[in-house]
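Structure assessment
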Amino acid sequence: MSSDEFHQSNFQRLSDVRFVSADKSCARFDVDGIALYVVAHAADTLRFTFGQSQLPDYGLLQQTVAEGTLTVAPQGEGWRVASGD
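Summary of the structure given here. If you're wondering where the values come from, they're calculated on a predicted model, not measured in any experiment.

This next bit is on the packing of aromatic side chains. As enumerated under the stated definition, the model contains three aromatic pairs in all. Aromatic pair F19 and F29: ring centres 5.7 Å apart, planes at 70°, arrangement edge-to-face. Of this pair, F19 sits in strand β1 (residues 17-22) while F29 sits in strand β2 (residues 26-31), and the two are 10 residues apart along the sequence. Using a relative accessible area of 3% as the deciding quantity, one classes F29 as buried. Among the aromatic residues, ring-to-ring pairing joins F19, F29 and W79 into one connected group.

Quick look at the structure:
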């Protein structure tokens, strides 16, 4: 067996998600005290970043600047984040 096997017991479930702010292309949430950024880089393309990462994205995104539009709306006990039409 591989040592890369997923063991759910090795991870902590995120439980407290609080909406902080949003603008045209970015929404910020607080998740158990950690910042979660959801950015619309293009229509139907969302990028999630936990905390303040200084790591490069290795060119996975063709656009370096977010140009998509983002909507955030409460849904049930959580949030609905959408990008595009």
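Before going further, it helps to spend a moment on the pairing of strand β6 (residues 78-83). Where strand β5 (residues 70-75) lies against β6, six bridges are found, and the strand directions are antiparallel. Bridge pairing in β6 places A73 opposite R80. Joining the antiparallel neighbours β5 and β6 is a turn of two residues, in which G76 adopts a positive phi near 60°.

Criteria and thresholds
- Residues numbered from 1 in each chain as written.
- Predicted model: local features only at pLDDT ≥ 70, side-chain atom pairs only at ≥ 80, totals over all residues.
- Heavy atoms only, no water.
- Phe/Tyr/Trp six-rings, centres within 6.5 Å; stacked < 30°, edge-to-face > 60°.
- Helix = DSSP H or I, 4+ residues; strand = E, 2+ residues; numbered from the N terminus.
- Buried < 20%, exposed > 50% of the residue type's maximum accessible area, 1.4 Å probe, protein only.
- Pairing = 2+ DSSP bridges.

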